[in-house]
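# Residue-level structural notes
So you can see what is in the structure, the chains are spelled out below.
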Amino acid sequence: MLALTVRGSERISPHFISVTLGGEDFRHLEQSGYDQSGRLFFAAPGQDEVALPSGEKWMLQYTLRSAKRRPQVRTYSIRRFRPEVSAFDIEVCVHEERASDGPASPGAAWALAAEPGDKVGFLDEGYGYAPTPGAGWQLLVGDESALPAILAILERSADRLPAEVFLEVPAGADVRHDVVTPAATRIHWLPRNDPSMKPGTLALRTVREARLRPGPFYTWTAGESSLSTGIRRHLVGEREVPRTDIAFRGYWKHGRASL
């Protein structure tokens, strides 16, 4: 468990906040895969500080603590490493932030209120991105929860496999125009622009209807559970893609809170 502090935060689009985390413990964080992620522990509302669990039995410590001392925890991808300042960035998606919109999720509420000096904990959980040998290109599909990982994959593999990217975001103003990508890469930005539409629906429908590039390819897909499992089911059942060529992960399930 790394003990870190908030270095700063920035609203980078209507639905995304970038938060920089750093400290002396950063030296213990090894850069591994392109979609590297970890569990972020932060103080719950009403807590003066975050009481971090430690050791291999951190989950047991966490569950045995009283609610008053138990920190909140969410999983985030590392968007960008910044070793020159012993820090890294994460990006948090914010769907609601005003009382009229309903309560913000725990992670969004934390990001909205984060200030320099706030203490957090980070537990590295590795990566899943591992292109199949022989792949001629890569298919990357995700909703807003997968945006940080997909952009990190593109930027860190800029000299490698060309990509076909289908990336769904809440609104047109969330589209990024400065992404570094491998040569011959196409990013299909898919703004929902409809708060009532279930996240992932647009991306899944678009991929099903898309004319994909020829040749063997590697797929990495993540986001709302129905999106990632739906993409895998479509590729295997309708495009005869080997299961071993697909990495998929359900980051969350619509209407249900998750660690």
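Computed from a prediction, not measured in an experiment: that's the story for all the values here.

What the protein chain contains, in helices and strands, is five helices and 12 strands. Relative to the 2.2 N^0.38 estimate, which gives 18 Å for 259 residues, the radius of gyration of the protein chain is 19 Å and therefore close to what a compact globule would have. Its C-alpha atoms give the protein chain principal-axis dimensions of roughly 55 × 40 × 35 Å. Out of the 259 residues belonging to the protein chain, those deemed buried represent 50%. In the protein chain, the proportion of contacts linking residues at least 24 apart, taken out of those at least 6 apart, comes to 68%. Accessible surface for the protein chain amounts to roughly 12800 Å². Of this, 49% is attributable to carbon and sulfur atoms.

So, on to the sheet that holds strand β11 (residues 217-224). Read across the open sheet, the five strands follow the order β10-β9-β8-β11-β12; overall the sheet is parallel. Single-partner strands in this sheet number two, and they are β10 (186-191) and β12 (246-252). Sheet twist, expressed as the mean angle between neighbouring strand axes with direction ignored, is 10°. Two elements, strand β8 (residues 137-142) and β11, share six bridges in a ladder whose sense is parallel. By the bridge assignment, Gly-142 is partnered in β11 with Ala-222. Set on the sheet, helix α4 (residues 201-209) makes contact with β8, β9 (163-169) and β10; between it and β9 the angle comes to about 150°. Docked against the sheet, helix α5 (residues 225-238) engages β8, β11 and β12, running at close to 150° with respect to β11.

A word on the environment of Leu-202. Mapping Leu-202 onto the fold places it in helix α4. Separated by 25 residues in the primary sequence, Leu-202 and Leu-227 have C-alpha atoms spaced 9.2 Å apart. The contacts of Leu-202, once residues within four sequence positions are left out, are Glu-168, Leu-190, Pro-191, Arg-192 and Met-197.

Averaged over every residue, the pLDDT of the protein chain is 90; the share at 70 or more is 94%. Mean pLDDT across the elements of the protein chain ranges from a minimum in helix α1 (residues 58-64), with 74, to a maximum in strand β2 (residues 16-22), with 98.

In the structure shown here, the tally under the stated rule is five aromatic pairs. Of the aromatic side chains, those joined through ring pairs into one cluster are Tyr-34, Tyr-129 and Tyr-218. Positioned over the ring face of Phe-16 is Arg-176, at 5.1 Å from the centre of the ring.

Time to look at the pairing of β8. On a regular strand, one side chain projects to one face of the sheet and the next to the other, so that they alternate. Within β8, six of the six residues are buried, which leaves the element mostly enclosed by the surrounding structure. Tracing the backbone out of β8, into helix α3 (residues 147-156) and back to the parallel element β9 gives a crossover that is right-handed.

So, on to the environment of Lys-198. With respect to the helices and strands, the residue Lys-198 is situated in the loop between β10 and α4. With 61 residues separating them in the primary sequence, Lys-198 and Trp-137 have C-alpha atoms 29 Å apart. When sequence neighbours within four positions are dropped, the list of residues in contact with Lys-198 reads Glu-168, Arg-192, Glu-224, Ser-226 and His-254.

When α4 is considered as a whole, its buried residues turn out to be Leu-202, Ala-203, Leu-204 and Val-207. Looking at the buried side of α4, the elements it contacts are β8, β9, β10 and α5.

Here we take up the sheet that holds strand β6 (residues 87-93). The strand order across the open sheet built from seven strands is β4-β3-β7-β1-β2-β6-β5, with neighbouring strands paired in antiparallel fashion. Two strands bound the open sheet, and with one partner strand each, they are β4 (72-77) and β5 (80-82). Between one strand axis and the next, the sheet turns through 35° on average, direction left out of account. Summarising the sheet, strand β3 (residues 37-42) and strand β7 (residues 119-124) pair through five bridges and their orientation is antiparallel. Counted as the bridge partner of Phe-42 is Val-120 from β7. Packed onto the sheet, helix α2 (residues 106-113) meets β1 (2-13), β2, β3, β4, β6 and β7 and runs at close to 120° relative to β6.

Turning our attention to unusual backbone geometry. In this structure, Ser-86 is a non-glycine residue whose phi angle is positive, near 50°. By the element assignment, Ser-86 lies in the loop between β5 and β6. Here the phi dihedral of Ala-184 falls at roughly 65°; this positive angle occurs in a residue that is not glycine. Within the fold, Ala-184 resides in the loop between β9 and β10. Owing to a relative accessible area of 57%, Ala-184 belongs among the exposed residues under this scheme.

Conventions and cut-offs
- Residues numbered from 1 in each chain as written.
- Predicted model: local features only at pLDDT ≥ 70, side-chain atom pairs only at ≥ 80, totals over all residues.
- Heavy atoms only, no water.
- Helix = DSSP H or I, 4+ residues; strand = E, 2+ residues; numbered from the N terminus.
- Rg over C-alpha atoms; globule rule 2.2 N^0.38 Å.
- Buried < 20%, exposed > 50% of the residue type's maximum accessible area, 1.4 Å probe, protein only.
- Contact = heavy atoms within 4.5 Å.
- Areas by Shrake-Rupley, 256 points an atom, 1.4 Å probe, with all protein chains shown as cover.
- Pairing = 2+ DSSP bridges.
- Axes fitted to C-alpha atoms, helices over the stretch in contact; angles between N-to-C directions.
- pLDDT = per-residue confidence, 0-100.
- Phe/Tyr/Trp six-rings, centres within 6.5 Å; stacked < 30°, edge-to-face > 60°.
- Lys NZ or Arg CZ within 6 Å of the ring centre and 35° of its normal.
- Right-handed = clockwise from strand over helix to strand, strands pointing away.

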